[in-house]
Structure formats: structure tokens, C-alpha cells
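Here is what each chain is made of, one letter per residue.
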Amino acid sequence: MAEHEEPKGESIMEKIVEKIRSDSSSSDSDDERTSSPSSLKQRVFRLFGREQPVHKVFGGGKPADMLLWRNKKISAGILGGVTAIWVLFELLDYHLLTLVCHALILALAILFLWSNASHFIHKSPPHIPEVHIPEKPVLEFAEALTIEINCAFVVLREIASGRDLKKFLAVIAGLWVFSILGNCCNFLTLFYIVFVLLHTIPVLYEKYEDKVDSFAEKATAAIKKQYAVFNAKVLSKIPRGPLKDKKLA
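In this text, all values refer to a predicted model and were calculated from it rather than measured experimentally. (Residues numbered from 1 in each chain as written. Predicted model: local features only at pLDDT ≥ 70, side-chain atom pairs only at ≥ 80, totals over all residues. Heavy atoms only, no water.)

Draft legend 1. Seen up close, the pattern of salt bridges. Under the definition given, this model contains 1 salt bridge. We note a salt bridge from Glu206 to Arg70, for which the minimum N-O separation is 2.9 Å. A residue pair is termed long-range when its members are at least 10 positions apart, and Glu206 in helix H8 (residues 187–207) and Arg70 in the loop between helix H3 (62–67) and helix H4 (72–91) qualify at 136 residues. The class of Glu206 is partly exposed, set by a relative accessible area of 25%. (Salt bridge = Lys/Arg side-chain N within 4 Å of Asp/Glu carboxyl O. Helix = DSSP H or I, 4+ residues; strand = E, 2+ residues; numbered from the N terminus. Buried < 20%, exposed > 50% of the residue type's maximum accessible area, 1.4 Å probe, protein only.)

Written out as C-alpha cells, the structure is:
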């Protein structure tokens, strides 16, 4: 009787072990299924390594709505106003001091006529408002500006130390490009070009996001290959400064 019970007990234990193995294998397959979409999602290349939509990258508020043309009337009005200012000063050679003086003459003439005609048309004279600047927002703006300036100085000190040669060369190349642009056009034209680019490139990128990211991924891979060759042949042979050695010591 004991001989018959022993195999029965062993068969029960085998069934339990098989059940545990099947449950663990099914749970592993479920984990793979659930993790596969996230892993695929992580593999998607995004320009500049962003993880948020374009609207949130620009702050997600009214400035983002303006740059991405969510409200076409406001965006077109701002772009048209800046274009009119650029045409006025750059193409028509109108000067800022002349514009301010002409605007003040026009405003004084209108106020003069309105004040003297108010007795005949039975209307109250124009009310010139008083300007009050609150102290708290000014102090907050000054504090935020101070923090940003100090952060810029820290970044500048880190770049100038030469510890990150890649970043140092990128900044030098960027400044050299800006110096060439400064010789080709003045500051107002450069500002207008940047303003137009800010109002056109983000909305076009948002529209053709997948195509641009795919092309950027291929271009980034090609640039990394060329940089690896350049680093092996040129940059690795340049002697580094003593700052890094001192810090390690």
C-alpha cells in the first residue's frame, strides 16, 4: 500500500512543479510583451534627445502657441508687425530717433486738438494715465536674471577650462559662424532672420516630425563616425591642460 502511495505523491509533486514552471514562463512572456512596446518607444530617435512634444518644449503657454501658430491671427499679426519694423528701419532707412520724435509730435498734436475741441463737442478732455511699477515683480525679475547670468558664467568657465574639448571646439565654431554672419548683415537684419526662423522652423518641424527625426538620426550617426575618426587622428594627439590632472590628484 505504501508502495502505491509513494508514486502517487511523486506524481502530485511533479504536477505542482510543472504548474509553477508554466506560470513563471507565462508571466515572463507577459513581461516581455509589456516591455517590448516601451523598449520600442525608447528606441525612437528624437531631435536633440527631447522626450516631450514640441509644444511643451517651448513652455506650453502663449509663447508656444504663438511660435507654433495655434492662433494664426496673433502669430501673423506679430510677424507682420516685426516685418513692418524691419522694412521701416532697414529698407527705408528710417532712424529710431526720427521715429520717436515723429510719434511724439503726432501724439502731442492729437492731445492738443482733443483738449481744445472738448469744449465744443461737449466731451471730457483726454485722461493721461499714471504709470505704477510694482516692486515685487521687478525684484523677482532681477533675481532670476542674476541667477541666469551666474549660470552663464559657470558654463563659460567650464568651457574655457578645456576639460571638454568637444564642447570647446563647438563653441568656437559657433562664435566663428556668428562673426561671419555679423560681417554679412547688421544686428537688426540678423534679429529679423532669427525671428522669422523661430516662427517657421518649429511649426514645420512639428508637421514633418517623423521625417525630420529619421533624417537627423542618420545624419547624427554619420557625424559620430566622422568625429571618431577625427578624434583618433587629431584630437587624441593634442596634449591636455593641467587642470584635469590637478583635479584628479
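Draft legend 2. The packing of aromatic side chains, seen in detail. Within this structure, the stated rule accounts for 2 aromatic pairs. Seen from their ring centres, Trp86 and Tyr192 are 4.8 Å apart, and the 5 degrees between their planes marks the pair as stacked. Here Trp86, found in helix H4, pairs with Tyr192, found in helix H8; they are 106 residues apart in sequence, far enough to count as distant. As far as burial versus exposure is concerned, Trp86 and Tyr192 are alike and both buried. The residue whose ring lies beneath Lys166 is Tyr227, and the NZ or CZ to ring-centre distance is 5.0 Å. (Phe/Tyr/Trp six-rings, centres within 6.5 Å; stacked < 30°, edge-to-face > 60°. Lys NZ or Arg CZ within 6 Å of the ring centre and 35° of its normal.)

Draft legend 3. The arrangement of the side chain of Ser75 in detail. As for its position among the elements, Ser75 is in helix H4. Take Ser75: its relative accessible area is 0%, and that puts it in the buried class. With residues near it in sequence (within four places) discarded, Ser75 still touches Asp65, Met66, Trp69 and His199. (Contact = heavy atoms within 4.5 Å.)

Draft legend 4. Broad picture of a nonpolar patch on the surface. On the surface, Leu106, Ile110, Trp114, Phe120 and Ile121 cluster together into a nonpolar patch covering about 580 Å² of accessible area. Given a relative accessible area of 53%, Leu106 falls into the exposed group. (Patch = residues over 30% accessible without salt bridge, like charges linked within 9 Å, V, L, I, M, F, W, Y side chains within 5 Å. Areas by Shrake-Rupley, 256 points an atom, 1.4 Å probe, with all protein chains shown as cover.)

Draft legend 5. Seen up close, the packing of H8 against helix H9 (residues 209–233). Relative to each other, H8 and H9 sit at 95 degrees, their axes nearing to 5 Å. Taken together, H8 and H9 sit at an angle that is classed as roughly perpendicular. Here Tyr205, Glu206 and Lys207 of H8 come into contact with H9, specifically with Glu209, Val212 and Asp213. For the contact of H8 with H9, the class distribution of residues is 2 nonpolar, no polar and 4 charged. (Axes fitted to C-alpha atoms, helices over the stretch in contact; angles between N-to-C directions. Parallel < 35°, antiparallel > 145°, perpendicular 65-115°, else oblique. Nonpolar A, V, L, I, M, F, W, Y, C, P; charged D, E, K, R; others polar.)

Draft legend 6. Fine view of unusual backbone geometry. Of note, Trp69 is a non-glycine position whose phi angle comes to about 60 degrees, a positive value. Mapping Trp69 onto the fold places it in the loop between H3 and H4. The phi dihedral of Asp93 falls on the positive side, at around 55 degrees, and the residue is not glycine. Here Asp93 lies in the loop between H4 and helix H5 (96–121). Judged by its relative accessible area of 56%, Asp93 falls in the exposed class.

Draft legend 7. Main features of the packing of H4 against H8. Remark: H4 packs on H8, axes separated minimally by 11 Å, with the N-to-C direction vectors making an angle of 165 degrees. Between H4 and H8, the interaxial angle falls into the category roughly antiparallel. For the pair H4 and H8, the sense of crossing is left-handed. Residues Ser75, Ile78, Leu79, Val82, Thr83, Trp86, Phe89 and Glu90 of H4 lie in contact with H8, whose contacting residues are Leu188, Thr189, Tyr192, Phe195, Val196 and His199. In the contact of H4 with H8, the residues fall into 9 nonpolar, 4 polar and 1 charged. (Left-handed = near helix turned anticlockwise from the far one by under 90°.)

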